[in-house]
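# Commentary on secondary and tertiary structure
Spelled out, the chains give:
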Amino acid sequence: MDSIISDSYAVHFNENAFQALNNHLSEKKYSIVFILVDENTHELCLPNFMAEIHGDYQFEIIEIESGEINKNIETCVGVWEALSELGADRKSILINLGGGVLTDMGGFIASTFKRGIDFINVPTTLLSMVDASVGGKTGVDLGSLKNQIGVINQPVMVLVVPDFLDTLENRQVISGFAEMLKHGLIQDTTYWKALKGAKGLEDMKKHILTSIQIKNKVVLQDPTEQNIRKILNYGHTLGHAIESYFLESDSKEMLLHGEAIAIGMILEGYLSNKLLALSDESLNDIKTTFLNRYNKVEFSNKDIENILKLMKYDKKNSHGKVNFVLLKSIGIPVYDIEIPVELFTEAFAYYKI
């Protein structure tokens, strides 16, 4: 399969990706083609990307600093100013070449510049290919609080070129793999079992298409996250709070997104076991699978207290209630579950042992 159709756009793969891009640029005749990169994708991905574009276009490259810590409104202001200074108009296009931080932020920048210009996402990390590539969520963090500012707006297209993954360090690959494991947990027992056997990047590449299909199927049913799309947040209610806490802490090493939600999936697996009768066997399977690939993180009682305070900012909350996605069994999620406060401490105790 060369393409997946999602709502108003398509996700194109491999050689078909560049063919689709060249056809689109030729047809639209944009005034200026802007390419948003960070220092890593500027060096490692941009030369190969540019070599695949055929045609005489005016290009402008805008570089931002990589990392979640730079996913903020100040970075957006810098890019908006650069677009203005370089003559961007409503007939320009922004191509976002990078990981999930860059494509989330680039999509938001394009969606709000002059009330909206076209954008294309070219994810270059495993996380962004299987997660940020579908769904139209754009946005930035508010301080250390994840994705508080943003809009849902669809790109013109998404280009998935797995060869870009060869530029990644292993820690980034493993971080993205957590989202793939999540797809198995919330939708498909067979897929979960297949992923557990993945030995390395080449094995993981073989499953990218399946993960995108799973996410796309869910998003098409609920584009604006009113109901079933919430299941994609399994592991994220606690995981995002953990990620935010480690991001703002001066004494702790920052966790990558996948590392934080891996912990969240174990914790929320425990809650599933207590509240929805997820079997002990499945719970142990979840814990073992994640701890085999992700280092265990130490949490003090004070850490846990502060993490639980951060949960009140989760975007899925409503009417002052923190809502969770839990598992009835592997492959069968349930959303909008409230959790008795005492179970959080138990969940962290289970993670620690």
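In case you missed it, the structure is sitting above this.
Below: a short report on this structure. (Residues numbered from 1 in each chain as written. Predicted model: local features only at pLDDT ≥ 70, side-chain atom pairs only at ≥ 80, totals over all residues. Heavy atoms only, no water.)

Further remarks concern the nonpolar core. Among the nonpolar cores identified, the biggest contains 95 residues, and Phe49, Ile208, Ile242, Leu271, Phe290 and Phe299 are the most heavily contacted of them. With near-sequence residues (within four places) excluded, Phe49 lies in contact with Phe18, Leu21, Ile35, Ile95, Leu97, Val122, Leu159 and Phe164. (Core = buried A, V, L, I, M, F, W, Y, C linked by side-chain atoms within 4.5 Å. Buried < 20%, exposed > 50% of the residue type's maximum accessible area, 1.4 Å probe, protein only. Contact = heavy atoms within 4.5 Å.)

A word on the sheet that holds strand β2 (residues 9-13). Pairing is mixed in the open sheet, where seven strands are placed in the order β1-β2-β9-β6-β5-β3-β4. This sheet does not close on itself; its edge strands, each paired only once, are β1 (3-6) and β4 (59-64). The mean inter-strand angle of the sheet, taken between neighbouring strand axes irrespective of direction, is 20°. With four bridges connecting them, β1 and β2 associate as antiparallel partners. In the strand pairing of β2, Ile5 is matched with Ala10. On top of the sheet, helix α1 (residues 14-28) reaches β1, β2, β3 (33-38), β5 (93-98), β6 (118-123) and β9 (157-160); it is set at about 135° to β2, its chief contact. (Pairing = 2+ DSSP bridges. Helix = DSSP H or I, 4+ residues; strand = E, 2+ residues; numbered from the N terminus. Axes fitted to C-alpha atoms, helices over the stretch in contact; angles between N-to-C directions.)

Turning to the packing of aromatic side chains, a few remarks are in order. The full count for this structure, using the stated rule, is eleven aromatic pairs. Here the aromatic rings of Phe18 and Phe49 are separated by 6.0 Å at their centres, their planes lie at 55°, and the arrangement is tilted. Of this pair, Phe18 sits in helix α1 while Phe49 sits in helix α3 (residues 46-51), and the two are 31 residues apart along the sequence. Take Phe18 and Phe49: they sit in the same class, and that class is buried. Seen in terms of ring centroids, Tyr245 and Phe246 are 5.8 Å apart; in terms of plane orientation they differ by 85°. Their pairing is edge-to-face. With a relative accessible area of 5%, Phe246 lands in the buried category. Note that Lys287 overlies the ring of Tyr350, its terminal NZ or CZ placed 4.1 Å from the centroid. Seen from the ring of Tyr351, Lys296 lies directly overhead, with NZ or CZ sitting 5.9 Å from the centre. (Phe/Tyr/Trp six-rings, centres within 6.5 Å; stacked < 30°, edge-to-face > 60°. Lys NZ or Arg CZ within 6 Å of the ring centre and 35° of its normal.)

A few words on a negative patch on the surface. A surface patch of like charges, here negative, comprises Asp2, Glu15, Glu52 and Asp163. Of note, Glu15 is situated in helix α1. (Patch = residues over 30% accessible without salt bridge, like charges linked within 9 Å, V, L, I, M, F, W, Y side chains within 5 Å. Areas by Shrake-Rupley, 256 points an atom, 1.4 Å probe, with all protein chains shown as cover. Salt bridge = Lys/Arg side-chain N within 4 Å of Asp/Glu carboxyl O. Lys, Arg positive; Asp, Glu negative; His and termini not counted. Charge placed at Lys NZ, Arg CZ, Asp CG, Glu CD.)

Let's shift gears to the pattern of salt bridges. With the rule as written, the count across this model stands at 16 salt bridges. Residue Lys252 is joined to Asp303 by a salt bridge in which the shortest nitrogen-to-oxygen separation is 3.1 Å. Within this pair, whereas Lys252 is found in the loop between α11 (236-248) and α12 (257-275), its partner Asp303 is found in helix α14 (residues 301-310), the two being separated by 51 residues in sequence. A residue is classified by how much of its surface remains accessible, and Asp303, at 6% relative accessible area, is buried. Here Glu305 ties to Lys302 by a salt bridge, and the two come within 3.8 Å at their closest N and O atoms. Highlighted residues: Glu305 and Lys302, both in helix α14, separated by three residues, approximately one helical turn. Among the charged side chains, a salt-bridge network with shared partners connects Glu68, Lys146 and Glu243.

This part is about the packing of α11 against α14. Contact geometry of α11 with α14 gives a least axis separation of 8 Å together with a crossing angle of 115°. Along this stretch, α11 crosses α14, giving a crossing that reads as right-handed. Residues Leu238, Ala241, Ile242, Ser244, Tyr245 and Glu248 of α11 touch α14, and the partners they reach there are Asp303, Asn306, Ile307, Leu308 and Leu310. Class assignment of the residues belonging to the contact of α11 with α14 gives a composition of seven nonpolar, two polar and two charged. (Left-handed = near helix turned anticlockwise from the far one by under 90°. Nonpolar A, V, L, I, M, F, W, Y, C, P; charged D, E, K, R; others polar.)

Relative to the helices and strands, Met265 resides in helix α12. Sequence spacing of Met265 and Glu225 is 40 residues, and the spatial spacing of their C-alpha atoms is 20 Å. Here Met265 is in contact with Ala178, Lys182, Leu185, Tyr234, Gly235, Ile286 and Phe290, once residues within four sequence places are set aside.

Let us look at the environment of Ser211. Assignment of secondary structure puts Ser211 in helix α10 (residues 208-221). Taking the C-alpha atoms as reference points, Ser211 and Tyr191, separated by 20 residues in sequence, lie 9.0 Å from one another. Setting aside residues no more than four positions away along its own chain, Ser211 makes contact with Val130, Met180, His183 and Tyr191. Here the side chain of Ser211 touches His183 through a polar contact of 2.9 Å, side chain to side chain. (Polar contact = N/O pair within 3.5 Å; in protein donor to acceptor, adjacent residues only side chain to side chain.)

Next up on the list: a positive patch on the surface. A cluster of basic residues, Lys28, Arg90, Lys91, Lys114 and Arg115, forms a positive patch at the surface. Tracing the chain through its elements places Lys114 in the loop between α5 (100-112) and β6. The class for Lys114 is partly exposed, based on a relative accessible area of 40%.

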